[in-house]
Amino acid sequence: MEMPNQRLDLALAIAILLAVFFPILHVGAAQLPDEAYISGVVGHAQGYSLSCESRSAADWAAYWGVYIDETEFLNTLPRSDDPNLGFVGNPNHTWGATPPNAYGVHAAPVAELLRGYGLEAEAVYGMTWDQARLEVSEGRPLIVWVIGSVWSGTSKSYTTNAGDSVTVANYEHTMILIGYNEDVVHLVDALTGHTVSHSVDNFLESWAVLGNMAVRGGGAERADSEVETYAVQPGDTLRRLAAQWGVTWQAIADWNGLAYPYTIYSGQLLYTGPLAQPVVQPSTTEIYYVQEGEHLMQIAQDLDMDWQYLADINGLQPPYALAVGQALRLSVDDESSDADGAASIELPEFYTAWRVESLVSIAEYYELDWVVLAGMNGISYPYLVQPGQTLRLVP
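Each value, and the rule that gives it
Residues numbered from 1 in each chain as written. Predicted model: local features only at pLDDT ≥ 70, side-chain atom pairs only at ≥ 80, totals over all residues. Heavy atoms only, no water. Helix = DSSP H or I, 4+ residues; strand = E, 2+ residues; numbered from the N terminus. Buried < 20%, exposed > 50% of the residue type's maximum accessible area, 1.4 Å probe, protein only. Contact = heavy atoms within 4.5 Å. Areas by Shrake-Rupley, 256 points an atom, 1.4 Å probe, with all protein chains shown as cover. Expected span 1.5 Å × (residues − 1). Polar contact = N/O pair within 3.5 Å; in protein donor to acceptor, adjacent residues only side chain to side chain. Patch = residues over 30% accessible without salt bridge, like charges linked within 9 Å, V, L, I, M, F, W, Y side chains within 5 Å. Salt bridge = Lys/Arg side-chain N within 4 Å of Asp/Glu carboxyl O. Lys, Arg positive; Asp, Glu negative; His and termini not counted. Charge placed at Lys NZ, Arg CZ, Asp CG, Glu CD. Arc of directions from axis to C-beta. Phe/Tyr/Trp six-rings, centres within 6.5 Å; stacked < 30°, edge-to-face > 60°. pLDDT = per-residue confidence, 0-100. Core = buried A, V, L, I, M, F, W, Y, C linked by side-chain atoms within 4.5 Å.

> What's the story with the overall build of the protein chain in this structure? I'm lost.
Helix and strand content of the protein chain: 13 helices and 17 strands. For the protein chain, with 395 residues in total, the buried portion stands at 45%. Here the contacts in the protein chain between residues at least 6 apart in sequence split such that 67% fall between residues at least 24 apart. As displayed, the protein chain offers around 19600 Å² of accessible surface, 53% of which is attributable to carbon and sulfur atoms.

> I would appreciate a short explanation of helix α3 (residues 52-63) in the present structure.
What sets the pattern is the α-helix's 3.6 residues per turn: residues three or four places apart point alike. Compared with the 16 Å implied by 1.5 Å per residue over 12 residues, the 17 Å span of α3 between its first and last C-alpha is a close match. Counting buried residues in α3 gives 12 out of 12 residues, a clear majority hidden from the surface. Along α3, the residues classified as buried are Cys-52, Glu-53, Ser-54, Arg-55, Ser-56, Ala-57, Ala-58, Asp-59, Trp-60, Ala-61, Ala-62 and Tyr-63. In the core, the buried residues of α3 are packed alongside α4 (70-76), α5 (107-116), β2 (120-124), β3 (142-147), β6 (172-180) and β9 (214-218). Downstream of α3 by a residue or two, Gly-65 has a phi angle that is positive, lying close to 85°.

> Teacher, can you tell me more about the side chain of Asn-90 here?
Locating Asn-90 in the fold gives a position in the loop between α4 and α5. Accessibility expressed as a relative area gives 14% for Asn-90, which makes it buried. A polar contact of 2.8 Å, which involves the side chain of Asn-90, links it to the backbone nitrogen of Asn-92.

> When you look at a negative patch on the surface in this model, what are you seeing that I'm missing?
Taken together, Asp-34, Glu-35, Glu-182 and Asp-183 make up a surface patch of like negative charges. Among the secondary structure elements, Asp-34 is positioned in the loop between α2 (27-30) and β1 (36-37).

> Where do I start with helix α13 (residues 370-377) in this structure?
Listed in full, the buried residues belonging to α13 are Trp-370, Leu-373 and Ala-374. Each buried residue of α13 lies within a common arc of 100° when the element is viewed along its axis, so the set occupies one face. Sitting at the head of α13, Asp-369 places a side-chain oxygen 2.8 Å from the backbone nitrogen of Val-371. Just downstream of α13, Gly-378 is the residue with a positive phi angle, here 65°.

> Would you mind going over the pattern of salt bridges with me for this structure?
Across all of its chains, the model carries 7 salt bridges by this definition. Between Arg-55 and Asp-59 there is a salt bridge, with its nearest N and O atoms 2.8 Å apart. You can see Arg-55 and its partner Asp-59 sitting in helix α3, 4 residues apart, about one turn around the helix. For the pair formed by Arg-55 and Asp-59, the shared burial category is buried. Arg-133 is the salt-bridge partner of Asp-130, the closest N and O atoms lying 2.5 Å from each other. Taken as a pair, Asp-130 and Arg-133 lie in helix α6 (residues 129-137) at a separation of 3 residues, close to a single helical turn. The partly exposed category is assigned to Asp-130, whose relative accessible area is 31%. One salt-bridge network, in which partners are shared between bridges, spans Arg-55, Asp-59 and Glu-70.

> Would you mind going over the environment of Ile-362 with me for this structure?
Mapped onto the elements of the fold, Ile-362 is located in helix α12 (residues 359-365). Using a relative accessible area of 1% as the deciding quantity, one classes Ile-362 as buried.

> Before we go on, may I ask you to explain the environment of Gly-388 in this structure?
Secondary-structure assignment places Gly-388 in the loop between β16 (384-385) and β17 (390-392). Residue classification places Gly-388 among the partly exposed positions, given a relative accessible area of 48%. Residues Gly-388 and Tyr-351, 37 residues apart in the sequence, show an inter-C-alpha distance of 9.6 Å. Every residue in contact with Gly-388, bar those within four places of it in the chain, is listed here: Thr-352 and Ala-353.

> I would appreciate a short explanation of the packing of aromatic side chains in the present structure.
Aromatic ring pairs are described here by two measures, namely the spacing of the ring centres and the angle between the planes. According to the stated counting rule, one finds 10 aromatic pairs in the structure shown. Centre to centre, the rings of Phe-73 and Tyr-117 are 6.2 Å apart; their planes meet at 25°, and the pair counts as stacked. Highlighted residues: Phe-73 in helix α4 and Tyr-117 in the loop between α5 and β2, separated in sequence by 44 residues. Given a relative accessible area of 0%, Phe-73 falls into the buried group. Aromatic pair Phe-203 and Trp-207: ring centres 5.3 Å apart, planes at 20°, arrangement stacked.

> In this structure, what is going on with the confidence of the model for the protein chain? I would like to understand it.
A low pLDDT means the predicted coordinates there should not be read in detail. Put simply, the protein chain has an average pLDDT of 79, and 76% of its residues get 70 or more. Across residues 1-5, where pLDDT falls below 50, the model places 2 contacts with residues more than four positions away in sequence or in other chains. Contacts from residues 15-29, a stretch scored under 50 in pLDDT, to residues over four places away or in other chains number 3 contacts.

> Mind showing me how you'd approach unusual backbone geometry here?
Note: most residues except glycine have negative phi, and most peptide bonds are trans. With an omega of 10°, the peptide bond running from Pro-99 to Pro-100 counts as cis. One can find Pro-100 in the loop between α4 and α5. Of note, the phi angle at Asn-212 is positive, near 50°, even though the residue is not glycine.

> Explain the nonpolar core to me, please; I cannot follow it from the model alone.
One recurring pattern in soluble globular proteins is that nonpolar side chains are buried together. In terms of nonpolar packing, the biggest core is built from 61 residues, with Leu-114 and Val-144 touching the most fellow members. For this core, the element with the most residues is β3, which contributes 6 residues. Core analysis: the second largest hydrophobic core is formed by 16 residues, Val-360, Tyr-366, Trp-370 and Leu-391 among them.

See the structure below:
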């Protein structure tokens, strides 16, 4: 029979063990700083209705000095009805649905593709808040899957064609976690490219809907100390800064991974020179977006190209008129078509915009002539498509 003092001795021994080992088990959390913030993560607005993951991946990679085109990343992701294996649906369809409707992609395919660009990227499921804070406190931004603009939400189970059960949620979205303190988190929103702040409680609730999913990792050691930065002032433009620094505005855009429409905002940090880390340019087809006041011969001269070749590969005819925001191909990608030479993008009869979009970008995605598309839908300068507007893509 066990005596009372024996039970007391056992309880005392357990208490001593807990007192000794419990601090060791939690030392990582105890040493986390109360607040941390990562500077230098430059956000951009996603180019398609459902391309938030590709936009976050491109901005995350750019922080490590690896510049990836959002459209190329999006088109390189495998396609599947299972978001854990590939991108689900058409990236230009309406946001908010769940598979088998157009949806997006989860962490594993994004991390795998990022590794293909030479980055150390790992998909994490069930990540704890302490683990997330550790990443940020050590200077590693974290791609996180939330609901909408850090909304609450409800997960649901979806059965794939292969019979696998996958957790999904309406309004799945990605942001980059770059900072925190005891009360708020700071995130780069792929929808707008802006840095936003939300309460820790709201973030944790939204992040938990899809199981605290994230992509963590990074690249080589950052070269920030070797390259000066400039804080954008009110009224600054790329052209104005280029004139002050004695460089081209295209160079500044390249150094900072800026894409059309090349918007910069007050307080944004810009690199004033190229990073020491090599720039990855995996795309075989480069795209140039026409700026205000530019004409074909000027663009060709700036890019050291033959203007007639530039006109030919873009199907331009006299008088070679260009529109602001028009996408020009700078090379020919032989792999962009199938064996019969047909476009690889499925062409629906109609497209409905879910936010304000550029007609030119829609035409570029579906490999259509934007001028024909504008005429077919009665759209004039500045060629913007409004939320809810339906375009006919097939004559």
